[in-house]
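Tertiary structure, described
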Amino acid sequence: MSAARILVVDDDSSLRRVMQMQLAEAGYDVAVASDGAEACTMLQAEEPHLVITDLRMPTSGMELLGFIQREGLQATVIVVTAFGTVESAVEAMRMGAYDYVTKPLDFEALLLVVRRAMERQTLLEEVRTLRSALDQRYGFSGIIAQSKNFLRVLEQAGRVAERDATVLIQGETGTGKELIARAIHQNSRRKNRSFIAINCGAIPRELVESELFGHRRGSFTGALNDRPGRVEAADGGTLFLDEIGELPLDAQVKLLRLLQEGEIAKVGADKPTRVNVRVIAATHRNLQAMADDGTFREDLYYRLAVVPLQIPPLRERREDLPSLILELFERAKQRHDVRGVQLGKGTLQRLIAYRWPGNVRQLENVLERLVVLTQHNIIGEDELPEEIGRPAKPAYDAFAELPEDGLSLEMVERDLISRTLEKFHGNQTHAAKYLDISRRTLIYRMEKHGITTGIGASAEEQH
């Protein structure tokens, strides 16, 4: 493997030579430039992994940093500054520099910063490579993703898009399951046909079969004409069944027939109707647990979960938050024709630090609220909703010392949820607030661990 390349830029020839020697001894491939202008020329010929630049010199370090930003170069930048001019180094970091070191140089400290910068650069290059491969192969460029766990999901989604396999997308509410389903359809052979989305939890139970599979005239009171169902409307295309866990058991039987035989039975019809659809289902619930307790057909679960995709919640996609926040903020401004409004630095930091129990949907709503209600050009921390603006809850130290023989994370989570529900006498709303998660997330985790205490709403929640 070739050595990482570093460009040292300094108008002090003796310091330049010493840095070159020290870094070369540490195993790096080092080139040097006497000022920013020479460095710009060298960068156009071959981009290094890392640039270490002095700030005060002909064609300054700030100008060099601006050139790197304008040209879209991927090199990480470390700035060198005199002790009394740290403010300039901080300004350089605002412009995109990774870190700074002060003169006189402590070469041990410099090497430590260089190693950290190289580790960061390696990670960024891995993400860029995976991101580029996804965009080239599957065209998922409209989805903001920099975190490795979400990029892996997109990579799986891209591969399955090329086939007609049934997909089950699982994840908490608001994580973007329909967005992934649409991306799969758009990158499939069916992209020029219909994408029909159905929220199974939004259809009245007595109308589910008619809505999904259609009916014949006179099959029930009010059926004045033949009516095709949503499944038939998706013929040749993709059928997206959101909240599949809410589908009644009798409708599950008919859906199983669709998956097994490629045909549907309309309400009141004597013969089945052949259809050709690709089914993608989504849920925030634990279908395996529901199958175990008899509220979801086990055979249907296995038919749906040919390719399961688990969408990570936003709190596990920390690397995506800065870009996602700014992108959704710009969309909200365009939607409401708001110009000249920006997020304050502290506000952005609060938004990034928050856990987002409602995931992307909650983030979109908060940003839209800020855009609509603000009366300032810079949105301050005091304009944030209370739950975001207040300091984070202190971490809970469950163990004075970790057990020597290890422990089960699932058992710890199960125990914590059970004890919290007991504390609030089964009240899910209060327990979720105490644990700083949404009620739906709590229910999802209760079903995952088979916790039945509090599954039914408590008397207090019913009022």
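Now for a quick tour of the structure. Predicted model only: the values in this text are computed from it and were never measured.

1. Section: the overall build of the protein chain
- Per the secondary structure count, the protein chain includes 20 helices and 16 strands.
- Oriented by its inertia axes, the alpha-carbon framework of the protein chain measures out at about 95 × 55 × 55 Å.
- By the burial criterion, 44% of the 463 residues in the protein chain qualify as buried.
- Sequence separation of 24 or more characterises 68% of the internal contacts of the protein chain that already satisfy a separation of 6 or more.
- Charge-centre separation for the protein chain: the mean point of 59 positive side chains lies 6 Å from the mean point of 68 negative side chains.

2. A word on the packing of aromatic side chains
- In total, this model carries four aromatic pairs according to the counting rule given.
- Relative to W356, the ring of Y354 has its centre 4.8 Å away and its plane inclined at 85 degrees; by these criteria the two rings are edge-to-face.
- With a relative accessible area of 11%, Y354 lands in the buried category.
- Assessed through its relative accessible area of 0%, W356 is described here as buried.
- Lying over the aromatic face of F150, R317 brings its terminal NZ or CZ to 3.8 Å of the ring centre.
- Positioned over the ring face of F424 is K423, at 5.7 Å from the centre of the ring.

3. Comments concerning the side chain of T347
- Among the secondary structure elements, T347 is positioned in helix α14 (residues 345–353).
- The exposure class assigned to T347 is buried, which follows from its relative accessible area of 1%.
- If we ignore the near neighbours within four places in the chain, the residues touching T347 are I379, G380, E381 and L384.

4. A few points about the packing of helix α2 (residues 36–45) against helix α3 (residues 61–70)
- Taken N-terminus to C-terminus, the directions of α2 and α3 make an angle of 20 degrees; their axes are 9 Å apart at the nearest point. By the angle between their axes, α2 is roughly parallel relative to α3. Relative to α3, the crossing made by α2 is right-handed. Contacts between α2 and α3 involve G36, A39, C40, L43 and Q44 from the first element and L64, F67 and I68 from the second.

5. Focus on the environment of A33
- Mapped onto the fold, A33 is located in strand β2 (residues 29–33).
- Residues in contact with A33, not counting those within four places in the same chain, are L7, V8, V9, D10, R16, E38, A39 and M42.

6. A look at the sheet that holds strand β10 (residues 238–242)
- Spatial ordering of the open sheet is given by β7-β10-β13-β6-β14, a layout of five strands whose pairing is parallel. With partners counted over all chains shown, the strands left at the sheet margins are β7 (195–199) and β14 (307–310), one partner each. In this sheet, adjacent strand axes meet at a mean angle of 15 degrees when their direction is disregarded.
- For strand β6 (residues 167–170) and β14, the ladder comprises four bridges, and the chain directions are parallel. Bridge pairing links L168 to P308 in β14.
- Contacts from helix α6 (residues 148–161) reach β6, β13 (278–283) and β14 within the one sheet, and its direction differs from that of β14 by about 155 degrees.

7. Brief notes about the pairing of strand β3 (residues 50–54)
- The buried fraction of β3 amounts to five of the five residues, a majority that puts the element mostly inside the structure.
- In β3, alternate side chains face the same way, and those of L50, I52 and D54 on one face and V51 and T53 on the other are all buried.
- Direction of pairing for β3 relative to strand β4 (residues 76–82): parallel, over a ladder of five bridges. Pairing of I52 across the sheet is with I78, part of β4.
- As a crossover connection, the stretch from β3 through α3 into β4 is right-handed.

Calculation rules
Residues numbered from 1 in each chain as written. Predicted model: local features only at pLDDT ≥ 70, side-chain atom pairs only at ≥ 80, totals over all residues. Heavy atoms only, no water. Helix = DSSP H or I, 4+ residues; strand = E, 2+ residues; numbered from the N terminus. Buried < 20%, exposed > 50% of the residue type's maximum accessible area, 1.4 Å probe, protein only. Contact = heavy atoms within 4.5 Å. Lys, Arg positive; Asp, Glu negative; His and termini not counted. Charge placed at Lys NZ, Arg CZ, Asp CG, Glu CD. Phe/Tyr/Trp six-rings, centres within 6.5 Å; stacked < 30°, edge-to-face > 60°. Lys NZ or Arg CZ within 6 Å of the ring centre and 35° of its normal. Axes fitted to C-alpha atoms, helices over the stretch in contact; angles between N-to-C directions. Parallel < 35°, antiparallel > 145°, perpendicular 65-115°, else oblique. Left-handed = near helix turned anticlockwise from the far one by under 90°. Pairing = 2+ DSSP bridges. Right-handed = clockwise from strand over helix to strand, strands pointing away.

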